[in-house]
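Examination of the molecular architecture
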Amino acid sequence: MKKVLIVAQPEDSCSMELLGVAEVFQPCLIQVAIFGDDLKLSKEKWTPWADRILGFEHPQLQWFDTDFAARVLAPVLLEEMPDLILTSRTNPGLELLPVLSGITGFPAFSDCLRVRFEDGDWIADKAEFEGKVIHSFRLPVGEVPICMSVRPGSFQTPAAIQKKAADYQLMSVPDHCPPRREFLELLDSSAEGVDIRKSKRLVAVGRGIEDQEQLEVAESLAKALNAELASTRPLVDQGWLEKSRQVGTSGVTVNPDLYLTVGVSGSFQHMGGIQGKPFIVAINRDPKAPVFNYANVGMVGDLFELVPLLEQEILKLGE
Amino acid sequence: MNHSPSAHPFLGLSGPWLQTILMVLAFGIFSWTLYRRLGLLRRGKRAKRLDRPLHRMAWTWVYGILQIRQFKYPVAGVLHMIIFFGFLLLLLRSCLLMLEAYFGGVSEVGAVYAWMKDAAALAVFLACLFALFRRVFLRPSRYSDRLLPEHHSGEALVILIWILAILGSDAMFEAAGQALLPAEEGASPVAAGLSGYLEGMGQATLLQVRLSSFWLHNVLVLGLLCYLPLGKHFHVLLALPNVFLANQEPKGKLREAAEAGQAFEDLEQVGVGKLFDLNWKDLLDFLTCTHCGRCTDQCPAYATGAPLSPRAFTLQGRKLAYKSQPIWKQTNGNPDFWESGFSRDGLWSCTTCGACEEACPVMIEYVDKFVDMRRFQMEIGEVPEELQKPLQSLERRGNPFGKARLRAHPFLNSEKVPLVSDAVAGESVGDLYFADSAALYEPRANQAAVAFLELAHLAEHPLGSAWSKEVDSGHDARRFGEEGLFQELRDRNQSWLTSLQPNSVVVTDPHGLNALKYDYSQDLPVLHAVELVELWLQEGRLQVSNHQESIQVSFHDPCYLGRRGGIFEPVRRLISSLPKVELVEMERNRSWSFCCGGGSLNLFREELGQQRMAQYRLAMALETGADLLLTACPYCLLNLEDAAKSSNLQSWLGVQDICEFVLSRVSPENTHEKEGVKA
Amino acid sequence: MKVMVCLKQVPDAGEGEAFLQQVGEEVQVACDDWVLNEWDGFAVEAAVHLIEEHGGESMAVSIGDEAVEGVLRRALAMGVDQAWRLQPDSNSADDSMRLAHSLMGAALTWKPDLIICGAMASDSGNGLVPGILAGKLQWPFVALATGLKWDGKSFLVRHEIHQGMESLEKIGAPLVVSAQSGLNQPRYVSIRGIRRVAKREIPMKNMADLSLSPLQNHVELVDLKRRFPPSGAHAEILQGSPQEQISQVIQRMREQGVFTS
Ligand SMILES: Cc1cc2nc3c(=O)[nH]c(=O)nc-3n(C[C@H](O)[C@H](O)[C@H](O)COP(=O)(O)OP(=O)(O)OC[C@H]3O[C@@H](n4cnc5c(N)ncnc54)[C@H](O)[C@@H]3O)c2cc1C
Ligand code: SF4
Ligand code: SF4
């Protein structure tokens, strides 16, 4: 039977999705490594899902010191030789996974979007060129353990996996492993005013909104979508929205997953501020508006009609 | 003799002695200060400013002596002319009074001069009084500068009062003489008048009044001489030389980054980072400035609230120069220019529109200095963040928008404008349309260019294009100081231009016009679209319809078409030849046009003022009550149209390119005819 | 202080994906327009800045054929003191383990106190090499640095952790750091600056120069084909009544995984 080892990061809300990857390898043995200075909660969380839980408990793991975690975990990996070592490609994941690969010498695969079994091969997909292309690789499963990071949101936590309550094993943290990173301070960078660059979903509003009062239409859509409000320059110039929300050549550059424009014509100065390959939805009443040259999906019509409808539907989804 | 000071000792010294002591003192101080001040110039870099001496003399006559630039500001201009010419006359008088200390009676040279002198003195007196009044009570905004902490009006006041005192003491001197011994004739009327009030004084008192007035006058005059190099009135001495030495290159031409015979790449140092990296004429500019503030008054960056005032720049430069070479203390080293207080934001705020240079009565130059300073900043990598992307796009893709060549608007590759490929030997490609980046990659600018090409088609004027080979003209890369990039772009364009050898090059972008004329070394006629359209209309090759609504239009002169390119009247002729179209000029038109914010790379910079230049300009257009604002530059079009959008005005003031406008008024017959011919 | 920066050249992916060409069933990368990976620019700036401030020496390394001299020259123009070009370990040029192996050789030979890499390469988007390198060297590794200072004894690194949070940490040398975009603003390199370093000799180092033995028993992932993700150039304009359009757009957004991320 295949062995899958999940490295669960303490602050990772998507770590359960990694079970979705493991599901592809069913039937398999699922091991979960958990970290922290007190493991009670995460142990409970994982118990129904795993065959075995490896607990690493140490004061240095109160905040997730990936360097420390990698050094205590790596010897275990070399001993266990799981077929697949999974972790989310969060910021700490970007640190942890390659270091594990470097210490163990196991090959690494980064930012997996999809895994499938095809003609006897395990194939994994990842995005390249900021999402412009999808690149597939064959994974040498069975030949060597593979370290893999998974893009959050690409897999779903399965409902189907049924495990008996997992074995719990508290791992000893070796003494010869002094921490090398000294944590000084936690900083909340989002507290320094709105930073729409950090948001993965943006609702961009343009002059089609006509009036400051009517901004509310777009604002409540953004809220429904859990998105930030972005803007074209004229609205910022009128003082309706903060400058930090202006996307474009003379505003900020953003790199979201979703960019939904409302009454935006799509001038190059505005669209030039969008990086990567977001899914662009455009709402504009002018079928010839240049924004449709950039968008993936367009709706031609009155925003005051379409936007509230869209908002309602999205709110329904959430229920 | 009439109680000449030459004959009466004063303060225990005989006239000639006293005068000699005063003169030795004064000239001593004056020569030393002058030596220190002008010595600054020797620390600057080289510059050639003595070519074409005859032309320069004529130039100095017009701009230096007749001072025709003064009249753009009529009140100040007239005042200045009165004081200037009056002063010339009075100068003679003052010299005579100096001599009077040696040779009694030389200052009495007859009635005609006396009258003239009095008239001049009176005029100067009144002008000074009025100027004082104006400074103190009317306070034209031009005299304060938000970027200058010190207030310079104080100095102007002192000088005005000083001049009044000179005039007064002279008058007193003469009046007392009259009272002592009334002359039959040759007496100055003012003196004669004043002397009436002195009657009744004893002879001895009168003599004392006369002597002390005389010496006061001489001390004041010599003191003024010593004072001149210390303050803004240095211009009294330097204005004429500065005008004589002014830049005589065409207005749109930039100072070269490397001296002739030197390769830019091999330069040890590029541009201006420290004070004495400037050339001597730049330093002379600093010394000459009159503080008049005309430059700043015209500057669009200053007007919109950006941290740039050309006058403040010059005065900060002057202060720094004086600090590095004080008159009585040791000479210091070569300071970093930023020590002057001039800011980086100020440096990058200049659009190179040239309004300041057009206004300066003493021909002080700005754009060359700024560009040289930017060259230095480029060299050390201190470039505003927003500019990095478009500059890299220029480097990699040949246009600031970062578009791949295949994204160029392929309009040009049509039967209307055939794409000319490499020249066939012996065959001419005729007239060539050089589109430049905006028309190729910016959709709105592209529409305007298409309108022009449509007109060319209707007028049956064949134009070729080499758009697939074109890269950006590099005009603004150069003006932003990226000389290396400019040279690369220029070389790329020149290589195909040389192989194609067109008869002439036609542009719609005035920046391209300026680049091809003055930045490139091709010797080709370069025409702007408006010149051709005007010609076509004149020759009847384009017919405009009479059955149109009447309309009032205003025209925004693009800086590089008008002020720099000198193309003003063709546009006016063009517009006036259109039936039912009335041109209403903005107050700031032709060479006084107000920059829209600048083209190309400027488009990527967020202006630092409270308002954008284009919005400011638009407000001026609105004042005319015109229905439509026309322009003839793709970037002006973009900026002004954007301003209209931002101010929610678009509904009642449209912005159009002049070619689009003409196209909209061309008679349908004209169009049909052509189609008919085709079919 | 000695700082080494690791550079990668990537296709210039500004606008117009001309370098991505559909050939039969797959998409091929055909690029003759290479630029310095954007994140590596932050790394170079950080290195140059640290040396300007504290003295020492900086070096840029890149792995590949002569073509990579372009990005090394850019780094020289930005102010790094020297550059090495490393000969690739094998033909599989993009294998992270092999790349890290070569870089390890350079690090063990030149002995830097700090290695700075870009957080990831804009082409592969992997972000693996810096961490693998650190793992192999047994040095600590901090990813996504947005601040980097030297206090005389240790490095103070500010870096991104989970959602909008950053942490400030103190770490001694030697250390590997990967640079994130907020770290600095790379200085502009003028064309003249690039031309002036055009003639600088860039030494090439092979495995022997770096006293490296070839990587043993390494199993590579097998590179299969690339393809374009589904979606057109011009927007698909939705038809039907507003209500129908809305359902369709929600459907599309769901397909794109908009609601799961
Ligand atoms: C130097 C310079 C720099 C600039 N930098 C930036 C920048 O950084 N960012 C930026 O955004 N802009 C920038 N601009 C401005 C840019 O050129 C455009 O003017 C601006 O982006 C247009 O904003 P917009 O799309 O909101 O307005 P518009 O172009 O007026 O578009 C409004 C759109 O709304 C549609 N609409 C109207 N009513 C409705 C309705 N009821 N329902 C649906 N649709 C409707 C219209 O069809 C139209 O397409 C810059 C301009 C310049 C000159
Ligand atoms: S060139 Fe124009 S923008 Fe620059 S300082 Fe002069 S007036 Fe101001
Ligand atoms: S530079 Fe010229 S215009 Fe400006 S203040 Fe000085 S003299 Fe006047």
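Residues numbered from 1 in each chain as written. Chains lettered and ligands numbered in written order. Predicted model: local features only at pLDDT ≥ 70, side-chain atom pairs only at ≥ 80, totals over all residues. Heavy atoms only, no water.

**Remarks on the overall build of chain C**
The helix and strand tally for chain C stands at 6 helices and 15 strands. Relative to its full complement of 261 residues, chain C shows a buried share of 56%. Counting only carbon and sulfur atoms, one obtains 48% of the accessible surface of chain C, whose full area is about 10,700 Å². The positive charge centre, built from 24 side chains, and the negative charge centre, built from 33, are 6 Å apart in chain C. (Helix = DSSP H or I, 4+ residues; strand = E, 2+ residues; numbered from the N terminus. Buried < 20%, exposed > 50% of the residue type's maximum accessible area, 1.4 Å probe, protein only. Areas by Shrake-Rupley, 256 points an atom, 1.4 Å probe, with all protein chains shown as cover. Lys, Arg positive; Asp, Glu negative; His and termini not counted. Charge placed at Lys NZ, Arg CZ, Asp CG, Glu CD.)

**Section: the overall build of chain B**
Looking only at helices and strands, one finds 27 helices and 8 strands in chain B. Projected onto the principal axes, the alpha-carbon positions of chain B cover approximately 105 × 60 × 50 Å. Looking at chain B as a whole, 60% of its 679 residues qualify as buried. Residue pairs at least 24 apart in sequence account for 80% of intrachain contacts in chain B once pairs closer than 6 positions are excluded. Within the structure as shown, chain B displays about 27,400 Å² of accessible surface, and the carbon and sulfur contribution to it stands at 60%. Separation between the mean location of the 65 positive side-chain charges and that of the 73 negative ones in chain B comes to 5 Å. (Contact = heavy atoms within 4.5 Å.)

**As for a nonpolar patch on the surface**
Where nonpolar side chains cluster on the molecular surface, the patch consists of Leu13, Trp17, Ile21, Leu25, Ile29, Trp32, Tyr35 and Trp328 of chain B and spans about 880 Å² of accessible area. Relative to the helices and strands, tryptophan 328 of chain B is located in the loop between α12 (310-324) and α13 (344-349). (Patch = residues over 30% accessible without salt bridge, like charges linked within 9 Å, V, L, I, M, F, W, Y side chains within 5 Å. Salt bridge = Lys/Arg side-chain N within 4 Å of Asp/Glu carboxyl O.)

**Section: the site of ligand 2**
Residue and element names in this part refer to chain B. Taken together, 13 residues lie around ligand 2, and Cys299, Cys350, Cys353, Gly354 and Cys356 are the ones closest in. Listing elements by their share of the shell around ligand 2, those giving two or more residues are α14 (355-359) and α15 (367-379). Within the shell around ligand 2, the residues separate by chemical class into 10 nonpolar, 3 polar and no charged. (Near = heavy atom within 4 Å. Nonpolar A, V, L, I, M, F, W, Y, C, P; charged D, E, K, R; others polar.)

**Concerning the interface of chain A and chain B**
Listed per partner, the contact involves 12 residues of chain A and 13 residues of chain B. Each partner contributes to the roughly 1,200 Å² buried at the junction of chain A and chain B, and carbon and sulfur atoms together form 39% of this total. The tally of links from chain A across to chain B stands at 3 salt bridges. For arginine 233 of chain A, the salt bridge identified is with glutamate 606 of chain B, shortest N-O distance 2.8 Å. Scanning the region where chain A abuts chain B turns up 4 residue pairs in polar contact (both at pLDDT 80 or more). Looking at the side of chain A that touches chain B, the elements with two or more residues in it are α6 (233-237) and α7 (268-271) of chain A. Among the residues forming the side of chain A that touches chain B, the class breakdown is 3 nonpolar, 5 polar and 4 charged. (Buried area = accessible area lost by both parts, 1.4 Å probe. Polar contact = N/O pair within 3.5 Å; in protein donor to acceptor, adjacent residues only side chain to side chain.)

**Regarding the sheet that holds strand β1 (residues 2-7) of chain A**
Backbone-to-backbone hydrogen bonds join strands into a sheet, with any given pair of strands oriented parallel or antiparallel. Read from one edge of the open sheet, 10 strands run β9(A)-β3(A)-β2(A)-β1(A)-β4(A)-β8(A)-β5(A)-β6(A)-β7(A)-β14(C), paired in mixed fashion. Strands at the two margins of the open sheet, each flanked by one partner only, are β9 (167-171) of chain A together with β14 (222-227) of chain C. On average, each strand axis in the sheet is inclined to that of its neighbour by 30°, with strand direction left out of account. Bridging between strand β5 (residues 108-118) of chain A and strand β6 (residues 121-128) of chain A involves 6 bridges; their strand directions are antiparallel. Within β6 of chain A, the position partnered with valine 115 of chain A by the bridge is alanine 124 of chain A. (Pairing = 2+ DSSP bridges. Axes fitted to C-alpha atoms, helices over the stretch in contact; angles between N-to-C directions.)

**Some thoughts on the interface of chain C and chain A**
How big an interface is tends to be expressed through the accessible area that disappears when the partners come together. The interface of chain C with chain A comprises 75 residues on the first partner and 77 residues on the second. Around 6,900 Å² of area is buried between chain C and chain A when both sides are counted, 62% of it from carbon and sulfur atoms. Considering only the side of chain C, the residues that lose the most area to chain A are Leu221, Arg227 and Ile246 of chain C, jointly responsible for 9% of the buried surface there. Among the ionic pairs, aspartate 125 of chain A bridges to arginine 227 of chain C, the shortest N-O distance being 3.2 Å. Taken together, the elements giving at least two residues each to the side of chain C that touches chain A come down to β4 (26-29), α4 (129-137), β9 (141-150), β10 (154-160), β11 (165-172), β14, β15 (236-237) and α6 (242-255) of chain C. For the side of chain C that touches chain A, the element with the highest residue contribution is α6 of chain C, accounting for 9 residues. Within the side of chain C that touches chain A, the residues separate by chemical class into 38 nonpolar, 20 polar and 17 charged. Summarising the sheet, strand β15 (residues 297-300) of chain A and β15 of chain C pair through 2 bridges and their orientation is parallel. Bridge pairing in β15 of chain C places glycine 298 of chain A opposite isoleucine 237 of chain C.

**A short note on the pattern of salt bridges**
Pairing between side chains becomes possible if they bear opposite charge and their charged atoms approach one another. What the rule picks out here adds up to 73 salt bridges over all chains. Across the salt bridge formed by aspartate 111 of chain A and arginine 151 of chain A, the nearest N and O atoms sit 3.0 Å from each other. Here aspartate 111 of chain A, found in strand β5, pairs with arginine 151 of chain A, found in the loop between β8 (146-150) and β9; they are 40 residues apart in sequence, far enough to count as distant. Of the residues examined, arginine 151 of chain A reaches a relative accessible area of 33% and is grouped as partly exposed. Between arginine 181 of chain A and glutamate 169 of chain C there is a salt bridge, with its nearest N and O atoms 2.7 Å apart. Of this pair, arginine 181 of chain A sits in strand β10 (residues 181-188) while glutamate 169 of chain C sits in strand β11, each in a different chain.

**A word on the sheet that holds β9 of chain C**
One open sheet holds the 10 strands; their spatial order is β10(A)-β11(C)-β10(C)-β9(C)-β12(C)-β8(C)-β1(C)-β6(C)-β7(C)-β13(C), and the pairing between them is mixed. Strands at the two margins of the open sheet, each flanked by one partner only, are β10 of chain A together with β13 (204-205) of chain C. Bridge count between strand β7 (residues 82-86) of chain C and β13 of chain C: 2 bridges; the pairing is parallel. Counted as the bridge partner of arginine 85 of chain C is methionine 204 of chain C from β13 of chain C. Packed onto the sheet, helix α4 (residues 91-104) of chain A meets β10 of chain A together with β9 and β10 of chain C and runs at close to 105° relative to β9 of chain C.

**Re the domain arrangement of chain B**
All names here are of chain B. Domains assigned within chain B are domain 1 (52-244), domain 2 (268-379), domain 3 (401-535) and domain 4 (544-670). On the domain 3 side of the interface with domain 4, the three residues burying the most area are Arg444, Val530 and Glu534, jointly 22% of the side's total. At the surface where domain 3 touches domain 4, the tally comes to 3 salt bridges. Where domain 3 meets domain 4, there are 5 residue pairs in polar contact (both at pLDDT 80 or more). Taken together, the elements giving at least two residues each to the side of domain 3 that touches domain 4 come down to α17 (436-441), α18 (443-458), α19 (475-479), α21 (510-519) and α22 (529-538). Sort the elements by how many residues they give to the side of domain 3 that touches domain 4 and α18 lands first, with 9 residues. Split into classes, the residues belonging to the side of domain 3 that touches domain 4 amount to 16 nonpolar, 7 polar and 10 charged. (Domains from an automatic or database assignment.)

**Here we look at the packing of aromatic side chains**
Describing an aromatic ring pair means giving the distance of the ring centres and the angle of the ring planes. All names here are of chain B. In this structure the tally under the stated criterion is 34 aromatic pairs over all chains. Both rings, one in tryptophan 348 and one in phenylalanine 480, keep their centres 6.2 Å apart while their planes meet at 10°; by these two values the pair is stacked. Taken together, the positions of tryptophan 348 in helix α13 and phenylalanine 480 in the loop between α19 and α20 (483-500) put the pair 132 residues apart, joining distant regions of the chain. Neither residue differs from the other here; tryptophan 348 and phenylalanine 480 are each classed as buried. Through a chain of ring-to-ring contacts, the aromatic side chains of Phe286, Phe313, Phe337, Trp338, Phe342, Tyr366 and Phe370 assemble into a single cluster. (Phe/Tyr/Trp six-rings, centres within 6.5 Å; stacked < 30°, edge-to-face > 60°.)

**Section: the nonpolar core**
Formed by 144 residues in total, the largest nonpolar core has its most connected members in Phe452, Val533 and Ile658 of chain B. Broken down by element, the residue count for this core peaks at 9 residues, all from α18 of chain B. With residues near it in sequence (within four places) discarded, phenylalanine 452 of chain B still touches Tyr433, Leu463, Val506, Thr508, Ala529, Leu532, Val533, Trp536 and Cys659 of chain B. Core analysis: the next-biggest nonpolar cluster, separate from the first, contains 101 residues, Val144 of chain A together with Leu50, Ile116 and Ala119 of chain C among them. (Core = buried A, V, L, I, M, F, W, Y, C linked by side-chain atoms within 4.5 Å.)

**Some remarks on the pairing of β15 of chain A**
Side chains on a regular strand alternate between the two faces of the sheet. One ladder, built from 4 bridges, connects strand β14 (residues 279-284) of chain A with β15 of chain A; its direction is parallel. Pairing of asparagine 284 of chain A across the sheet is with valine 300 of chain A, part of β15 of chain A.

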